[in-house]
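Inside the fold
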Amino acid sequence: MGDKLQLYLHAGESYSTCNKEMYDAVLLGSKRIGHGFALAKSKNLIQLVKENNVCIECCPVSNRILGYCSDLRCHPTRGLLAQGVKVSISPDDQGFWDAKGVTLDYVLAYLAWGLDLADMKALCMNSLEFASISEEEKESIREFFDYKWYKFLLYVKGRH
C-alpha cells in the first residue's frame, strides 16, 4: 500500500443519465464505488470501471428499503455481474437500519439474481480483494475463508 492514499467513493446513487459523478470517481482512482446505479446506463463507463479494476459495492437491502429498486430481480447489479464488473455485497446504513451484518443482503442477491455458489464465492472474494487492509491481513483472511468455504461445501453436499 505504501504512502499512497486509498480512495473509496460513494457515487452514482441515481438512475439519472445526467449523473457524471461515476466518471469522477473512476478518474480520481477510487478502488471501490458505493452503489453505482448510474454505471448501468453507460457501456463506456462499464468498460472504464473494468479497465481500472474498480469494485462496485451493492447494497440490496438498503436499495430495496430506499425505493431504488422495488423488485431486486431488476436491480442493475444483476446485469453488471453478467458483463464482468467486479461487485461486492455491502449492508449500507447499518446503524440507521439497525442491521446486523450482511447475511440478508447476500440471501436477497442470491435469490433475486439467480446466482450459484461460484458467484457467491466471487462476491465474497471481491469484498476481500478490495478491502482497505494490508496484503498480510488479506492473506490471513483468505486462508480462513478457504477453510470455512471448504467446510460449507461439505455441509452442502451432506458430508458434514
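Further up the page is the structure itself.
First, a word on what this report is: a plain description of the structure on this page. (Residues numbered from 1 in each chain as written. Predicted model: local features only at pLDDT ≥ 70, side-chain atom pairs only at ≥ 80, totals over all residues. Heavy atoms only, no water.)

**Re a nonpolar patch on the surface**
As a reminder of what qualifies: Within this analysis, patches are made of residues with over 30% relative accessible area and no salt bridge. Like charges are joined at 9 Å or less; nonpolar side chains (Val, Leu, Ile, Met, Phe, Trp, Tyr) at 5 Å or less. Each accessible area is a Shrake-Rupley result for a 1.4 Å probe, and residues are judged covered by the shown protein chains and nothing else. Salt bridges are defined as contacts in which a side-chain nitrogen from Lys or Arg sits within 4 Å of a carboxyl oxygen from Asp or Glu. Here a strand is any run of E in DSSP of at least two residues, a helix any run of H or I of at least four, and the numbering for each starts at the N terminus.
Where nonpolar side chains cluster on the molecular surface, the patch consists of Leu 104, Val 107, Tyr 110 and Leu 111 and spans about 390 Å² of accessible area. Assignment of secondary structure puts Val 107 in helix H6 (residues 103–113).

**A closer look at the sheet that holds strand S1 (residues 8–11)**
Where we set the bar: A pair of strands counts as paired when DSSP detects no fewer than two bridges linking them. The angle between two axes is taken between their N-to-C directions and runs from 0 to 180 degrees, where each axis is a line fitted to C-alpha atoms and a helix contributes only its stretch in contact.
The strand order S1-S2-S3-S4 describes an open sheet built from four strands, whose pairing is parallel. Every other strand in the sheet has two partners, leaving S1 and strand S4 (86–89) as the edge strands with one partner each. Direction aside, neighbouring strands of the sheet carry axes that sit 30° apart on average. The sheet contact formed by S1 and strand S2 (residues 32–35) spans four bridges and is parallel. From the neighbouring strand, Leu 9 faces S2, where its bridge partner is Ile 33.

**A word on the packing of helix H7 (residues 117–129) against helix H8 (residues 135–156)**
How we decide: An angle below 35 degrees is treated as roughly parallel, one above 145 as roughly antiparallel, one from 65 to 115 as roughly perpendicular, and anything else as oblique. Definitions for this section: a left-handed crossing has its near helix turned counterclockwise from the far helix by less than a right angle. A right-handed crossing has that turn clockwise. Contacts between residues were defined by any pair of non-hydrogen atoms, one from each residue, lying within 4.5 Å.
Across the interface, H7 lies against H8 with an axial gap of 11 Å and an inter-helix angle of 165°. The angle between H7 and H8 places the two elements in the roughly antiparallel class. Handedness of the H7/H8 crossing: right-handed. Across from Leu 117, Met 120, Lys 121, Cys 124, Met 125, Leu 128 and Glu 129 in H7, the residues of H8 making contact are Lys 138, Ile 141, Arg 142, Phe 145, Asp 146, Trp 149, Phe 152, Leu 153 and Val 156.

**Notes on H8**
Stated precisely, the cut-off is as follows: The span you would expect from a helix comes to 1.5 Å times its residue count less one. The rule is simple: take the accessible area with a 1.4 Å probe, protein chains only, and divide by the maximum for that residue type; under 20% is buried, over 50% is exposed, in between is partly exposed.
For H8, spanning 22 residues, the distance from its first C-alpha to its last is 30 Å, which sits close to the expected 32 Å at 1.5 Å a residue. Among all positions in H8, only Lys 138, Phe 145, Trp 149 and Leu 154 are buried. In the core, the buried residues of H8 are packed alongside H7. Taken from the residues just after H8, Gly 158 is the one with a positive phi, measuring 80°.

**Here we look at the packing of aromatic side chains**
Aromatic rings in a pair are described by how distant their centres are and how their planes are angled relative to each other. Rules: Note on ring pairs: Phe, Tyr and Trp rings are taken, using the six-membered ring of Trp, and paired if centres are within 6.5 Å. Classes follow the plane angle, with under 30 degrees stacked, over 60 edge-to-face and the rest tilted.
This structure, assessed with the given rule, holds two aromatic pairs. Plain terms: the ring middles of Phe 145 and Trp 149 are 5.6 Å apart, the flat faces sit at 20° to each other, and that makes the pair stacked. In this pair, Phe 145 and Trp 149 are both assigned in helix H8, four residues apart and thus about one turn of the helix distant. For the pair Trp 149 and Phe 152, a centre-to-centre distance of 5.4 Å together with 45° between the ring planes defines the contact as tilted.

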